[in-house]
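Coordinates in review
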Amino acid sequence: MAMCSAAKSDETITYEQIKSMADDLLSRIRIKPIIGIICGSGLGSLTEAITNAENIEYKDIPGFPVSTVVGHAGRLVIGMLEGLPVLAMQGRFHYYEGYPLVKCSLPVRVMKLMGIEYLMVTNAAGGINPGYKVGDIMIIRDHVNFVGFSGNSPLRGPNDERLGPRFPPMTDAYNPELVNRALGVAKEMGIQDVVKVGTYCFLGGPTYESIAECKLLHTVGVDAVGMSTAHEVVVAQHCGLKVFAFSLITNKASLDYEKKEYANHAEVVAVGKSRESTCRELMCRMIKSIAAEKGAARGASCGCV
Ligand code: HPA
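Summarised in this report is the structure supplied together with it.

Definitions and cut-offs
- Residues numbered from 1 in each chain as written.
- Predicted model: local features only at pLDDT ≥ 70, side-chain atom pairs only at ≥ 80, totals over all residues.
- Heavy atoms only, no water.
- Near = heavy atom within 4 Å.
- Polar contact = N/O pair within 3.5 Å; in protein donor to acceptor, adjacent residues only side chain to side chain.
- Areas by Shrake-Rupley, 256 points an atom, 1.4 Å probe, with all protein chains shown as cover.
- Helix = DSSP H or I, 4+ residues; strand = E, 2+ residues; numbered from the N terminus.
- Nonpolar A, V, L, I, M, F, W, Y, C, P; charged D, E, K, R; others polar.
- Salt bridge = Lys/Arg side-chain N within 4 Å of Asp/Glu carboxyl O.
- Buried < 20%, exposed > 50% of the residue type's maximum accessible area, 1.4 Å probe, protein only.
- Pairing = 2+ DSSP bridges.
- Expected span 1.5 Å × (residues − 1).
- 1 Å grid on protein atoms, 1.4 Å probe; cavity = no way out; pocket = protein on both sides within 12 Å on 5 of 7 lines; lining within 4 Å.
- Points joined across faces, edges and corners; volume = space filled by probe spheres on them.

Moving on: the site of the ligand. Taken together, Ala124, Ala125, Gly126, Tyr208, Glu209, Val225, Gly226, Met227, Thr250, Asn251 and Val268 are the residues near the ligand. Glycine 126 is positioned with one of its backbone polar atoms (N or O) 3.4 Å from a nitrogen atom of the ligand. Between the ligand and asparagine 251 there is a distance of 2.7 Å, counted from a nitrogen atom to a side-chain nitrogen or oxygen. Coverage of the ligand by the protein chains reaches 94% of its 260 Å² of free accessible surface. Mapped onto the shell around the ligand, the elements with two or more residues apiece are β5 (118-127), β8 (224-226) and β9 (242-252). Per-element tally for the shell around the ligand: the top contributor is β5, with 3 residues. In terms of residue class, the shell around the ligand is made up of 6 nonpolar, 4 polar and 1 charged.

So, in structure tokens, the structure goes:
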């Protein structure tokens, strides 16, 4: 069959489709979340801290993708965290799984139309900055969206102004006030030595980077590299969400042919597990600070803080 429309994107998902998914989800839950959380490796257990939790499996949401990566659950967990109503994604969608970016980041738009104001994102990443150590946490200040350089964007295709502008700026896509606040939180936790602020680079994966690629990324000022996040943040910024994101450095990228490193998924998952409680506490404290700001901090605590 011939393709006819020049404006056809990978897969157009209309405003009406997204709105109906959002309305459907709202009709199935008891609270209206205002914070969305995308749990990367190392933060899956955050959902255990959510009280009055309601779970919805991705497979039970018509039109939602499903996670295909081992170790990534596939469900939404909705409930209260640090006094605020949250919706956490346990498992995200990666480009390498075969979904177009518009579908990988669809949940962010659904969250927006559910009334979410803040998006908290975490991921596992390889440390490019030679000063970074395995187990460090990098607060993301900015990104290099390498996948987007070729025009492969979740915003490609017809733009619906109800979702956001045609040409959104990416300046301050990672809310600078939340970056600063996270540094204060890290100090309170006594983990300032392992918390950095840096630039995340999104590559398509699923290969880990070659040594030459790591050298290139280092040259252009990248601090950590991974296979997620930037497309989610592009969509979040497009639709006006406040974003806070951090990377857990699960492995060191190779910059030297004499000191080869062989990144592997098992190591990424193991480091994620070993740093889970620290990542979780950082996230809980950030949410608590938002709750305090909103004057909504009431009783319930996850016990992290
Ligand atoms: N590269 C890309 N993605 C990753 C890495 C890495 O080294 N570590 C964890 N996710």
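Now that the structure has been shown, we can carry on.
Moving on to the pattern of salt bridges. According to the stated counting rule, one finds 15 salt bridges in the structure shown. The partner of aspartate 136 in a salt bridge is lysine 196, and the shortest N-O contact between them spans 3.9 Å. With aspartate 136 in the loop between β5 and β6 (137-145) and lysine 196 in strand β7 (residues 195-202), this pair connects stretches of sequence that are 60 residues apart. Under the relative-accessibility criterion, lysine 196 is labelled partly exposed at 21%. Two residues, glutamate 177 and arginine 181, come together in a salt bridge whose shortest N-O distance is 2.6 Å. Of the two residues, glutamate 177 and arginine 181 both sit in helix α4 (residues 176-189), 4 residues apart, roughly one turn of that helix. Residues joined in a network through salt bridges with shared partners are Glu16, Asp160 and Arg162.

With that settled, consider the environment of lysine 259. Within the secondary structure layout, lysine 259 lies in the loop between β9 and α7 (265-274). As for lysine 259 and leucine 87, which are separated by 172 residues in sequence, their C-alpha atoms are 42 Å apart.

Let us look at the pairing of β6. β6 sits mainly inside the fold: 7 of its 9 residues count as buried. Strand direction decides the pairing type here: β6 and β7, joined by 8 bridges, are parallel. Within the sheet, the bridge partner assigned to asparagine 145 lies in β7 and is phenylalanine 202. Sheet topology note: the β6/β9 ladder contains 3 bridges and is antiparallel. Paired with isoleucine 139 across the two strands is phenylalanine 246, which belongs to β9.

Here the focus is helix α8 (residues 276-293). For α8, with 18 residues, the first-to-last C-alpha span of 26 Å sits near the 26 Å given by 1.5 Å per residue. Of all 18 residues making up α8, 13 are buried, and the element is well covered by its neighbours. Just past α8, the residue glycine 295 takes up positive phi, approximately 65°.

Quick look at unusual backbone geometry now. Here the residue pair glycine 205 and proline 206 is connected by a cis peptide bond, since its omega of 0° sits within 30 degrees of zero. Following the sequence through the fold, proline 206 ends up in the loop between β7 and α5 (211-219). Positive phi values are uncommon outside glycine, yet asparagine 52 reaches one of about 50°. Assignment of secondary structure puts asparagine 52 in strand β2 (residues 51-57). Unusually for a residue other than glycine, threonine 229 sits at a positive phi of about 75°.

Below, the discussion takes up the layout of surface pockets. Volume-wise, the largest pocket comes out at about 320 Å³. The wall of the largest pocket is formed by 22 residues, among which Tyr96, Ala124, Tyr208, Met227 and Val268 lie closest to the centre. Of all the secondary-structure elements, those providing two or more residues to the lining of the largest pocket are β5, β8, β9 and α7. No other element matches β5, which puts 4 residues into the lining of the largest pocket. Grouping the constituent residues of the lining of the largest pocket by class yields 9 nonpolar, 11 polar and 2 charged.

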